[in-house]
Structure formats: C-alpha cells, structure tokens
Amino acid sequence: MKKILFFTLAITLLLLFSACESGGKFEVHNRTSHPVWTAVQAGDFVEVPAGDSHVFKVDTETQSFLTGEVSKKIKVRVLGKTFSLVDRSEEVPVYTDSTYTKVKAGKTTHAYLSPNRACIQITNLRNTTMERAEIWQHRSNSQMLVGTLSDIPAGETKWMRVDPNTLDSSFYYRIHVLMENDDVFPFGGPEVVLGSDELYQIDIPAAPGQ
C-alpha cells in the first residue's frame, strides 16, 4: 500500500512540475517591403528586415495547475518605413509608435505587420548639410504641408512616413529641399502618387567637382 501511495505521489509531483511554464514569446512578422524596428518594454530596437520575423522572449511568473493561466502586459514600440501602429481606442483612430499587448506563459503572441503607410526618404550626397525638406501633399484644389525633415548631414539618410493613396482619395507629393548654403532643389510632382508600401527615394545630387 505504501509503495502505491509513494508512486502515486511521485507521478502527481512529476505532472505538476512538468505542467509548470515560465516565460512567453512575442513574435513580430514584418509583412512590408521595408525594414521595421521593434522594441519590447524598455529594450533596444531590433531591426526586422522585409519579409522576416523576430522573436522576443518575455519573462513571466510561473504558470502551473495551481496558479491557473499567467499573462503579462508588455509595452511594444514599432517604427516601420511603411507601417504604423493604429490606436483605435480614440474616437478617431490615430497613428502611434507604441501600444500594449499581453503575453501568456508558455505561449507565443504573434504580431503581423502589414503595410499601411507610404514613405519619403532623402539621402544627402552633397558635402554640405541639408537644412530642411518640406513635404507637401497636393490634391486637385488644395495643397498642405504634411511634414518636414531637418538637418541631414552629408552622406546620411532620413525618412518620413506619409499617407498612401486609396480608392477614395488621390493626391501626389512635392518636396522642396533647402541646403545649408541656400541651394534649393525641387522634387516630386504629379507622377509621385504613392500607394501603401511604396517608398519615394530622393538623392540630393553631389555638387560639381565634389
């Protein structure tokens, strides 16, 4: 009888310990054609290339038959050239770079990042600093300044997400670039009609003899 009780207790303890799980995973799937940078909690950003995935390990309390399901709320930050998180808790959804999600012990939470923005990217090939670039959105009867990129040193690149065209809304972009030495370069025009996941690359040309 004692042997039966001993083996029953041993099997019960084995089942309890084998059912204990600690830690979960948060996996990001980049479905855009451009890089995405993601960070969890206060961690550093990790670059996730186009079409690739990355797994973050998240510490949680230990889950067992006795504790029930264990989960942890984590902060997630995402910067994508053609992707933005959308905060739908507001009356009018707004773009944001951070949100919160739950990770369960022993489970993997998946985030599928499908493109929802366009991008304008500027590379400065001159040996002087690009002081400012104004990005204008042109519609049939109006124009609007939607953003600026400032202080791009020689040889460096900056980018900005912009709204893509949709079936219900059509527009194009013009970009006015002002250099540190007062040179001005116009880019864009009616041909720059950007759809979701599209990137418009601007190369500020090198100066003659540079």
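Computed from a predicted structure; not experimentally measured.

Undergrad: What exactly am I supposed to notice about the packing of aromatic side chains here?
TA: Each aromatic ring pair is summarised here by two numbers: the centre-to-centre distance and the angle between the ring planes. Applying the stated criterion to the full structure yields three aromatic pairs. A centroid spacing of 6.4 Å and a plane angle of 35° characterise the contact between phenylalanine 26 and phenylalanine 56, whose relative ring orientation is tilted. Linking phenylalanine 26 in strand 1 (residues 21-30) with phenylalanine 56 in strand 4 (residues 53-63), this pair joins segments that are 30 residues apart in sequence. Accessibility classification places phenylalanine 26 together with phenylalanine 56 in one group, the buried group. Between tryptophan 37 and tryptophan 159, the aromatic rings sit 5.9 Å apart at their centres with planes inclined by 15°, giving stacked as the arrangement. Of this pair, tryptophan 37 sits in strand 2 (residues 36-40) while tryptophan 159 sits in strand 13 (residues 157-162); the two residues are 122 residues apart in sequence, bridging distant segments of the chain. On the basis of relative accessibility, which here comes to 21%, the residue tryptophan 37 falls in the partly exposed class.

Undergrad: What is the right way to read the sheet that holds strand 5 (residues 71-80) from this model?
TA: Sheet strands line up and pair through hydrogen bonds in the backbone, either parallel or antiparallel. Strand order in this open sheet of four strands is 3-2-5-8, and the pairing throughout is antiparallel. For this open sheet the edge positions go to strand 3 (46-48) and strand 8 (98-104), each flanked by a neighbour on one side alone. Taken pair by pair, the neighbouring strands of this sheet meet at an average axis angle of 35°, ignoring direction. Relative to strand 3, strand 2 runs antiparallel, the two sharing three bridges. Looking across to strand 3, one finds that threonine 38 is bridged to valine 46.

Undergrad: Sorry if this is basic, but what is going on with the environment of serine 170 here?
TA: By the element assignment, serine 170 lies in the loop between strand 13 and strand 14 (172-179). If near-sequence neighbours (up to four positions away) are discounted, serine 170 is found in contact with Arg139 and Asn165.

Undergrad: Honestly, the pattern of salt bridges in this entry has me stumped. Any pointers?
TA: Where charged atoms from two side chains of opposite charge come close, those side chains can pair. Evaluated as defined, the whole model comprises five salt bridges. The salt bridge partner of arginine 126 is aspartate 183, with a shortest N-O separation of 3.1 Å. Taken together, the residues span a long stretch of sequence, with arginine 126 in the loop between strand 10 (118-124) and strand 11 (130-138) and aspartate 183 in the loop between strand 14 and strand 15 (184-189) at a distance of 57 residues. Look at arginine 126 and you get buried, because its relative accessible area is 11%. A salt bridge links glutamate 131 to arginine 132; the shortest N-O distance between them is 4.0 Å. On the accessibility criterion, glutamate 131 (33% relative accessible area) is partly exposed. What emerges from the salt-bridge pattern is a single network uniting Glu131, Arg132 and Glu134.

Reading the values: the criteria
Residues numbered from 1 in each chain as written. Predicted model: local features only at pLDDT ≥ 70, side-chain atom pairs only at ≥ 80, totals over all residues. Heavy atoms only, no water. Phe/Tyr/Trp six-rings, centres within 6.5 Å; stacked < 30°, edge-to-face > 60°. Helix = DSSP H or I, 4+ residues; strand = E, 2+ residues; numbered from the N terminus. Buried < 20%, exposed > 50% of the residue type's maximum accessible area, 1.4 Å probe, protein only. Pairing = 2+ DSSP bridges. Axes fitted to C-alpha atoms, helices over the stretch in contact; angles between N-to-C directions. Contact = heavy atoms within 4.5 Å. Salt bridge = Lys/Arg side-chain N within 4 Å of Asp/Glu carboxyl O.

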